[in-house]
Structure formats: C-alpha cells, structure tokens
Amino acid sequence: MLMATSPLAMLALTDDPVQQLLTAFAFVERTYGFKEEFLSKGCEYKHDRIRIGYVSGDLCVHAVGLLLPELLEGHDRTKFEIYGYDFSPEDGTAHRERLKKAFDHLRPIHALTDRQVAEQVLADEIDVLIDLHGLSSGARPGIFALHPAPKQGTYLGFIGTTGMPWFDFVIADQYALPEELTQYFTEKPLYVDGSFIPMTRDETPVRDATRAEFGLPENAFVMAAFGNVYKITPEMFATWMEILKEIPRAVLWLIDDNPTTTGNLLRHASKFNIFNNKIIFSPRSTHTEYKTKLKLADIFLDTFPYNCGSTSNDVINSGVCIATMCGRSMVSNMGKSILNNINYTETIANSYIEYKEIVTTFENKNRFNELKKDPRKQNFNKIYRSLFNI
C-alpha cells in the first residue's frame, strides 16, 4: 500500500524523506515510461538575456497561480526574457489575464503533443525550462523527458522530490530544504534568498463581514484551519481536539469539503467528547469571499506534515497569526520558511506539544488584551501580568 500511494498523498501522510523518495521513484517507474532523449544536447546559446521558460496548467485562480503574478512581473527584464508554455483553463478572471500578460512570450500548448511542445521550446532557444507541476495533477513530464532545454528544473507545484531523472534542480530555500535533506532529492537544490514561496501583496478590497454570517460565536476564540481536508491527519486532529478542551471558548473552523469527510471528522471529534457546537464548517467559496472569512479568525492552524503554502500567504495578508509545525521534509518546513521570511518565528513548533502550547499561550495573551480594554475586568489583569511577566 505504501508503494502504491500517490506521491502527493504521501506528502500529507508522513514527513519521512526516505518514504517520500521511494514513493516518487515507484510512481515515476509505473506511470512514466518515457524514452529519454536529449534534444538540446550541445546547444550553447549566446543570448543578450537569459531565456527562462515556465511550463504550467495552473496559470489561473489556483493555489500555484495565485502566487505567481508578482514573481513573474518581478523578473529583471534587462537580464531575463520570460516565456510561458501554457495549458491552463480559461477561467475568465482578471487574475488569469494578469498572468498571461506577465510573460514576454506566451505559447498556448493545449492542443500540442509533448514532442511538439519540446520542439517549440527548442526553437525558442530556451536556456532554462522550469516545470510548475512536479508530480501534481496535470503534469506533463513527457516534455522534460525530451530535454528541450540545456537546464531544467522544478518549482512550486510539488513540494518534494519528483524522482524524475530529467530535472537538474529544484528551487528551494535553506529553511525548507536544509542541506541534510538534500540527499533525499534527485534534484540539486537551487537556493533563493528568503522563502521559496512567493510572498505576494494582495491589495484587492474585501468586504467586512460578521461572525454571525458564518455561524461563529461573537466572543469565541476562532481557530481557522482552511487547508485542504486531505492534509488533516489523526495526530494533528487529536491536537486540535486537545486545544478545544483546554480553551473553553475556542471553536474550530473547517472547510465543509464533502459530506463523507465532514461526517468522518465529526465522528472522530465525538470520540474526544467534542461535539458540533465546537466545530464550525463552511463550504468552499470564491477566493475573495475566502479572504473575507480569514479576517474573522483569531489564529490560523497550519496542518502537518503537509503545511499550507498559498493559503499561508493569504493568511499573512489578512493579518492573522499562523501556528505551524515543522519536520523532516520540505513540505513540512513550508510554514517555517514563510514565517522566517517575515521574521516571525514565535509560532513555529517542533512537536505537537509545542504546537498546542503556542495556540493556548496565544489565546491567553489575546484574552489578556481584551480584558485590558474592559475596566470591569481589571482584577484579572494581575493574573495575566504574572503569567506573562508583564
């Protein structure tokens, strides 16, 4: 069962880098029977600007696509010429149009075979070709198996080793992929400064909402966990249940993704004597509405071992604190990477016990700040001053 599990699922099941590597190898072996060719062998281009090509089917309102506009627009156009090899859906959004305009040259490849795309890349004399899928859904590794560019790498779409022999490098940072983990990657790390997750600025206005709109108690300590539900492991869910027990006014806010998952989570919660009034479910919504929801939370609970990436960027833009936990894999260090990048490391845990302590301490401080504002409750201040040495 372990060897038959998909690589993306394995990122969420364990932070064991050996298991992730073996799973990637097994998947590539049974799924991609490409004959490797080297179309660009011997090609040495002498361009005035380095030509970088990005291959993606997620240049739209997608977790990857949402992180890309400023990254693509931020390339120094005096040094780099940017090509896009695009097979993304036309979602009709302004975001999609912005992404399309971010490239110097955009090549729609929906109707092209992998070989035809590779021949286009070769004709464009691309120096560096970057895959934005890895082993995630929609990947087109057949393009890269033909080696149409002298240098090929992977980035962002799959936060782990791909096990694919045709990738030379993976774009990472020292926090997400420290040197001791590189032995479990078939790709050589290409380190960037800061976080490898693009930290975008989102100035799109969002409406003001009330907690009552979403069934949230007005005076509750709202812990939002809007990561994909497949990332919720029994160990992390148990930690959340312990936090709910420890903080009487806390509620856990989750995505109502599908009836089966929601039912399973509620049944699992009942084993901890946590019932429906402590867990609030909201259905998926538009990205704008989702950002409206984020602003209502007191803290965001990251998942482990598959940390949130694009979601964490949205949380930071909303001004909400993130509690995260790091581990032994690149994907379990995304939260650490992001929080180090913004110089906020107080809420990075190394264990489930630390994770719980971070959240409960944050609630106590939050409660203390509320009490300070209410003169009727000033007597409580002595307790909290003693607790926090204030």
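The rules behind each value
Residues numbered from 1 in each chain as written. Predicted model: local features only at pLDDT ≥ 70, side-chain atom pairs only at ≥ 80, totals over all residues. Heavy atoms only, no water. Helix = DSSP H or I, 4+ residues; strand = E, 2+ residues; numbered from the N terminus. Rg over C-alpha atoms; globule rule 2.2 N^0.38 Å. Buried < 20%, exposed > 50% of the residue type's maximum accessible area, 1.4 Å probe, protein only. Contact = heavy atoms within 4.5 Å. Areas by Shrake-Rupley, 256 points an atom, 1.4 Å probe, with all protein chains shown as cover. Lys, Arg positive; Asp, Glu negative; His and termini not counted. Charge placed at Lys NZ, Arg CZ, Asp CG, Glu CD. Pairing = 2+ DSSP bridges. Right-handed = clockwise from strand over helix to strand, strands pointing away. pLDDT = per-residue confidence, 0-100. Axes fitted to C-alpha atoms, helices over the stretch in contact; angles between N-to-C directions. Phe/Tyr/Trp six-rings, centres within 6.5 Å; stacked < 30°, edge-to-face > 60°. Lys NZ or Arg CZ within 6 Å of the ring centre and 35° of its normal. Salt bridge = Lys/Arg side-chain N within 4 Å of Asp/Glu carboxyl O. Arc of directions from axis to C-beta.

A. How the structure looks around the overall build of the chain. Secondary structure summary: the chain contains 13 helices and 13 strands in total. Taken over C-alpha atoms, the radius of gyration comes to 23 Å for the chain, in line with the 21 Å a tight globule of 390 residues would show. Projected onto its principal axes, the C-alpha coordinates of the chain cover approximately 75 × 45 × 40 Å. The buried share of the chain, reckoned over its 390 residues, is 53%. A fraction of 68% describes how many contacts in the chain between residues 6 or more apart in sequence connect residues 24 or more apart. Here the chain has roughly 18,200 Å² of accessible surface; of this, 52% comes from carbon and sulfur atoms. Mean positive and mean negative side-chain charge positions of the chain (41 and 49 charges, respectively) differ by 6 Å.

B. Region of the structure containing the pairing of strand S9 (residues 250–256). With respect to burial, S9 is a largely interior element, six of its seven residues being buried. As defined by bridge partners, strand S8 (residues 221–225) adjoins S9 across five bridges and the pair is classed as parallel. Bridge pairing in S9 links Ala224 to Trp253. Traced from S8 through helix H7 (residues 234–246) to S9, the parallel crossover comes out right-handed. Between the parallel elements S9 and strand S10 (residues 279–283), the chain passes through helix H8 (residues 259–270) in a crossover that is right-handed.

C. Layout of the confidence of the model for the chain. On average, the chain scores 92 in pLDDT, and the residues at 70 or more come to 94%. Within the model, the stretch residues 374–390 combines pLDDT values under 50 with 18 contacts to residues more than four positions away or in other chains.

D. Layout of the sheet that holds strand S4 (residues 128–131). Read across the sheet, seven strands follow the order S3-S2-S1-S4-S5-S6-S7 without closing on themselves; strand pairing throughout is parallel. If you trace the sheet from one side to the other, it starts and ends with strand S3 (105–108) and strand S7 (188–191), each paired once. Direction aside, neighbouring strands of the sheet carry axes that sit 25 degrees apart on average. Sheet analysis places strand S1 (residues 50–56) next to strand S2 (residues 80–86), joined by seven bridges and oriented parallel. Directly across from Tyr54, in S2, lies its bridge partner Gly84.

E. Structural detail: the packing of aromatic side chains. Applying the stated criterion across every chain yields a total of eleven aromatic pairs. Seen from their ring centres, Tyr230 and Tyr306 are 6.0 Å apart, and the 85 degrees between their planes marks the pair as edge-to-face. Of this pair, Tyr230 sits in the loop between S8 and H7 while Tyr306 sits in the loop between strand S11 (299–301) and helix H10 (310–318), and the two are 76 residues apart along the sequence. On the basis of relative accessibility, which here comes to 8%, the residue Tyr306 falls in the buried class. An aromatic cluster is present here, built from Phe27, Tyr32, Phe34 and Trp166 joined pairwise through their rings. Over the face of the ring belonging to Phe87 we find Arg140, whose NZ or CZ atom lies 5.4 Å from the ring centre.

F. Expanded view of unusual backbone geometry. For the bond running from Phe304 to Pro305, omega is 10 degrees, close enough to zero to count as cis. Counting through the fold element by element, Pro305 comes out in the loop between S11 and H10. Of note in this structure, Asn273 is not a glycine but carries a positive phi near 60 degrees. Using a relative accessible area of 57% as the deciding quantity, one classes Asn273 as exposed. Phi angles above zero are rare outside glycine, and Asn343 is one such case at about 55 degrees. Tracing the chain through its elements places Asn343 in the loop between helix H11 (334–341) and strand S13 (348–349). The class for Asn343 is exposed, based on a relative accessible area of 69%.

G. Representation of the pattern of salt bridges within the structure. Counted by the stated rule, this structure contains 21 salt bridges. Across the pair Glu363 and Arg249 runs a salt bridge whose closest N-O atoms are separated by 2.7 Å. One end of the pair, Glu363, is in helix H12 (residues 352–373); the other, Arg249, is in the loop between H7 and S9, with 114 residues separating them in the sequence. Each member of the pair, Glu363 as well as Arg249, carries the same accessibility label: buried. Here the salt bridges do not stand alone but share partners, grouping Asp86, Glu90, Arg96, Glu97 and Lys100 into one network.

H. View of helix H4 (residues 94–101). Those residues of H4 that fall on the buried side of the exposure criterion are His95, Arg96 and Leu99. Buried residues in H4, looked at end-on, bunch into an arc of 100 degrees, giving them a common side. Turned more than 90 degrees away from the buried face of H4 sit Ala94 and Lys101, all of them exposed. For H4, the elements touching its buried residues are helix H3 (69–73) and S2.

I. Quick peek at the environment of Met199. Examined against the element boundaries, Met199 turns out to sit in the loop between S7 and S8. As a C-alpha pair, Met199 and Thr5 span 194 residues in sequence and 31 Å in three-dimensional space. Residues in contact with Met199, not counting those within four places in the same chain, are Glu70, Asn313, Ile316, Ile338 and Asn341.

J. Highlighting the side chain of His75. Mapped onto the secondary structure, His75 falls in the loop between H3 and S2. Once residues within four sequence positions are removed from consideration, His75 is found in contact with Ile52, Tyr54 and Ile82.

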